[in-house]
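Understanding the architecture of this molecule
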Amino acid sequence: MLNRQGRPSSAGEAGTNAHPTFTGNKALAQIEPLLFEIGRHDTTGVDFDEPEEFQPRLGGLERKEPIGLPGLSEPETMRHYVRLSQQNYGIDTGLFPLGSCTMKHNARLNERMARLPGFSDVHPLQPVSTVQGALELMNELGRYLVTLTNMTAVALSPKAGAHGELCGMMAIKAAIEAKGEGATRNVVLVPDSAHGTNPATAALIGFKVKAVPAREDGSVHVEDVKKLLGPDVAAIMLTNPNTCGLFEPQVAEIAKAIHDAGAYFYCDGANFNAIVGKAKPGDLGVDAMHINLHKTFSTPHGGGGPGSGPVVLSARLAPFAPVPFVRAGKDGGFELVEQESDAAEKPFGRMTAFHGQMGMYVRAMSYMLSHGADGMKQASEDAVLNANYIRAGLSDLLSLPFGNKPCMHEVLFDDAWLKDTGVTTLDVAKAMIDEGYHPMTMYFPLVVHGAMLIEPTESESKSSLDLFIATLRDLAMSAKNGDKERFTGAPYHAPRRRLDETRAARSPILKWTPPEPVAEAAE
Ligand SMILES: *Cc1c(COP(=O)(O)O)cnc(C)c1O
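Residues numbered from 1 in each chain as written. Predicted model: local features only at pLDDT ≥ 70, side-chain atom pairs only at ≥ 80, totals over all residues. Heavy atoms only, no water.

1. Description of the pairing of strand β8 (residues 325–328)
As paired elements, β8 and strand β9 (residues 334–337) share 4 bridges and run antiparallel to each other. Counted as the bridge partner of Arg327 is Glu335 from β9. Hairpin connection between β8 and β9: a loop of 5 residues separates the two successive antiparallel strands, and Gly332 in this loop has a positive phi of roughly 95 degrees. (Pairing = 2+ DSSP bridges. Helix = DSSP H or I, 4+ residues; strand = E, 2+ residues; numbered from the N terminus.)

The following block contains the structure:
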């Protein structure tokens with residue numbers, strides 16, 4: 001059957017075949033073709049006057065053919081984008097249990113604050129005398145981050161956690177070079193359980209990466225670190241709480257061993273939400289740590305793009321913080337130090353063209369001010385409580401790789417409970433989509449077989465956690481009772497069924513080619 005776009009109806013592909021529709025839509029869930037497929041060249045939502053005669057000055061390089069942009073009426077344009085937005089599952093749609101990602105509620109208050117014209121309408125090239133309020137907010141945000149972590153300095157400009165890692169490691173590299181050890185200290189230790197960005201960051205700036213094995217209990221042991229330490233080690237990159245959802249019990253001993261060997265302690269702070277107001281990384285011996293504002297401080301995770309990953313630095317690394325940064329001006333206001341030569345210290349350079357993501361600073365500040373010190377501490381406690389509530393609700397059916405003991409903000413299951421069922425972690429994730437949940441993080445961390453990492457965050461109510469637990473219990477019982485079909489064919493109800501994710505990642509088709517014209521279907 002051909003739908004209104006002259007393409008085979010997707011009804012057979014989406015959901016069961018029982019009642020294919022003419023349009024391919026499934027009730028009020030509308031399929032949405034590409035703009036290029038629905039657009040027409042003879043339509044536009046705006047009227048332009050015919051241009052007056054003019055003399056092109058492009059030396060013959062001007063376009064000779066029509067540009068070929070698709071045109072739609074104004075309501076068609078709006079519907080296209082609204083329908084696309086409805087195909088996205090977000091934290092505003094339902095519980096989003098992605099472990100390590102801290103998908104917490106993005107309060108609308110934050111959005112209102114970010115839209116205040118004094119913040120949203122400023123331009124990075126405006127004279128600083130006209131943006132004093134924005135600079136004060138940046139300064140205040142930095143002060144809060146430094147206080148919460150008990151560190152000395154902060155670099156606000158990095159645009160994501162991974163970018164923050166790069167910034168912190170570049171500060172470490174600069175400190176090592178300043179000591180004249182640049183040629184000899186070229187190894188970075190990274191535990192097996194680390195996020196892939198850690199070794200990637202170290203390798204990108206020329207360090208050799210050495211793996212620290214994880215112990216049976218999921219933690220990093222100080223003796224394993226000591227075995228690898230020597231005059232060639234520049235730093236360790238350690239995540240705490242780690243990606244198994246556990247607070248590293250020997251973190252202070254590890255920090256001491258690292259410092260005794262003349263190296264630096266980079267902490268991956270992606271899981272900071274578990275300890276805000278409870279423990280300060282500076283007290284644990286951390287030298288540099290990125291903070292994902294989109295994880296811990298409730299700014300949106302938009303498409304991996306508009307993030308912000310400030311880096312806090314210890315006194316040893318503070319002199320190397322990159323430009324630009326805000327500092328108190330001579331006449332009472334604030335100034336933005338843009339040039340390395342204007343800094344009293346030794347900035348290693350700069351990470352971004354301008355000062356970073358103003359909108360995210362405002363949202364994070366709004367979160368901090370609306371929660372206060374006690375509220376932020378309670379958020380951490382509730383995040384940990386919620387993860388443990390899920391652990392307790394599922395531990396009799398799902399398997400816990402490190403035993404049934406308390407976790408931090410996320411709970412890690414493995415796939416031992418699926419043994420002999422013919423169902424895999426991936427199948428469980430797909431069946432969760434049918435139940436209306438975004439899947440948990442799968443197959444990460446790599447130290448656990450078939451990992452399922454669940455992080456509910458503090459935002460979820462008890463009743464939403466109860467429904468989530470009940471759903472997973474129902475799925476677990478199905479798998480154990482041999483209802484393999486519920487899993488291996490899932491998702492049955494999503495607009496698209498199983499996609500070839502490997503091919504999509506390895507050979508994405510990024511260019512749209514017009515299809516061959518299709519003749520009208522015979523009456
Ligand atoms: C999210 C995350 C990162 C990277 O942060 P981005 O903001 O996504 O670049 C690094 N490490 C861990 C453990 C993470 O969870």
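2. Let's talk about the domain arrangement of the chain
Assigned domains within the chain: domain 1 (32–87), domain 2 (110–365) and domain 3 (377–506). With centres defined by C-alpha atoms, the gap from domain 2 to domain 3 works out at 31 Å. Counting from both sides, the interface comprises 22 residues of domain 2 and, opposite them, 18 residues of domain 3. Summed over both partners, the interface of domain 2 with domain 3 buries about 1,500 Å², with 63% contributed by carbon and sulfur atoms. Counting the contacts that link domain 2 with domain 3 gives 1 salt bridge. Between Glu381 and Lys278 there is a salt bridge, with its nearest N and O atoms 2.6 Å apart. (Domains from an automatic or database assignment. Contact = heavy atoms within 4.5 Å. Buried area = accessible area lost by both parts, 1.4 Å probe. Salt bridge = Lys/Arg side-chain N within 4 Å of Asp/Glu carboxyl O.)

3. A look at the site of the ligand
Neighbouring residues of the ligand: Ser100, Ala160, Gly161, Ala162, Glu165, His195, Thr197, Asp268, Ala270, Asn292, His294 and Lys295. Residue Asp268 places a side-chain N or O atom 2.6 Å away from a nitrogen atom belonging to the ligand. Taken together, the elements giving at least two residues each to the shell around the ligand come down to α6 (161–178) and α10 (293–296). When residues of the shell around the ligand are assigned to their parent elements, the largest contribution, 3 residues, is made by α6. (Near = heavy atom within 4 Å. Polar contact = N/O pair within 3.5 Å; in protein donor to acceptor, adjacent residues only side chain to side chain.)

4. Re the sheet that holds strand β12 (residues 452–454)
Pairing in this open sheet of 3 strands is antiparallel, and the strands run β10-β12-β11 from one edge to the other. Since the sheet does not close on itself, it has two edges, and those belong to β10 (411–413) and β11 (441–442), each with one partner. When β11 meets β12, the two strands line up antiparallel, connected through 2 bridges. The partner of Thr441 across the bridge, within β12, is Leu453.

5. Quick word on unusual backbone geometry
Negative phi values dominate among residues other than glycine, just as trans dominates among peptide bonds. Of the consecutive residues Asn240 and Pro241, the connecting peptide bond is found in the cis state with omega at -10 degrees. One can find Pro241 in the loop between β4 (233–239) and α9 (251–260). In this structure, Pro445 follows Phe444 across a cis peptide bond, with omega equal to 0 degrees. With respect to the element layout, Pro445 can be found in the loop between β11 and β12. Phi is positive for Tyr443, which is not a glycine, with a value near 55 degrees. Within the secondary structure, Tyr443 sits in the loop between β11 and β12.

6. A word on the side chain of Thr471
Along the chain, the position of Thr471 falls in helix α13 (residues 462–480). Judged by relative accessible area, Thr471 falls into the buried class, the value being 11%. Beyond its immediate sequence surroundings of up to four residues, Thr471 is in contact with Glu435 and Tyr437. (Buried < 20%, exposed > 50% of the residue type's maximum accessible area, 1.4 Å probe, protein only.)

7. A closer look at the nonpolar core
One recurring pattern in soluble globular proteins: nonpolar side chains tend to sit buried together. Grouped together as the largest cluster of nonpolar side chains are 59 residues, with contacts concentrated most on Leu141, Leu145, Val225, Phe265 and Phe297. Broken down by secondary-structure element, the contributors of at least two residues to this core are α5 (132–149), β2 (187–191), α8 (222–228), β4, α9, β5 (264–268), β9 and α11 (358–394). Per-element tally for this core: the top contributor is α11, with 11 residues. A domain-level breakdown of this core finds at least three residues from each of domain 2 (110–365) and domain 3 (377–506). (Core = buried A, V, L, I, M, F, W, Y, C linked by side-chain atoms within 4.5 Å.)

8. Brief notes about the side chain of Glu32
Mapping Glu32 onto the fold places it in the segment before α1 (35–38). A polar contact of 2.7 Å, which involves the side chain of Glu32, links it to the side chain of His80. Apart from the residues within four sequence positions on either side, Glu32 is in contact with Ile38, His80, Arg83, Leu84 and Gln87.

9. Structural notes on the sheet that holds β5
Within the open sheet, the 7 strands sit side by side as β1-β7-β6-β5-β4-β2-β3. Their pairing is mixed. The outermost strands of the open sheet, each flanked by one partner alone, are β1 (153–155) and β3 (208–212). The sheet shows a mean angle of 25 degrees between the axes of neighbouring strands, taken without regard to direction. Note that β4 and β5 share 5 bridges and pair parallel. (Axes fitted to C-alpha atoms, helices over the stretch in contact; angles between N-to-C directions.)

10. Overview of the packing of α6 against helix α7 (residues 197–204)
Where α6 contacts α7, the two axes come as close as 9 Å, and the packing angle between them is 45 degrees. Comparing their axes, α7 and α6 come out oblique. The handedness of the crossing between α6 and α7 comes out as right-handed. Listed contacts from α7 to Ala162, Glu165, Leu166 and Met169 of α6 are Thr197, Asn198, Thr201 and Leu204. Across the contact of α6 with α7, the residue classes break down as 4 nonpolar, 3 polar and 1 charged. (Parallel < 35°, antiparallel > 145°, perpendicular 65-115°, else oblique. Left-handed = near helix turned anticlockwise from the far one by under 90°. Nonpolar A, V, L, I, M, F, W, Y, C, P; charged D, E, K, R; others polar.)

11. Some points on the confidence of the model for the chain
Looking at the chain as a whole, the pLDDT averages 92, with 95% of positions reaching at least 70. The low-confidence segment residues 1–15, where pLDDT is below 50, has 46 contacts with residues more than four positions distant or belonging to other chains. (pLDDT = per-residue confidence, 0-100.)

12. Observations regarding the state of the cysteines
This model, assessed by the stated rule, comprises 0 disulfides. Free of any disulfide, Cys244 has its nearest neighbouring cysteine sulfur in Cys407, separated by 11 Å. (Disulfide = S-S within 2.5 Å.)

13. Notes on the packing of α11 against α13
Remark: α11 packs on α13, axes separated minimally by 10 Å, with the N-to-C direction vectors making an angle of 35 degrees. As α11 packs across α13, the resulting crossing turns out to be right-handed. Contact residues: α11 offers Asn386, Tyr389, Ile390, Gly393 and Leu394, while α13 offers Lys462, Leu465, Asp466, Phe468, Ile469, Leu472 and Arg473. When grouped by side-chain class, the residues that make up the contact of α11 with α13 number 7 nonpolar, 2 polar and 3 charged.

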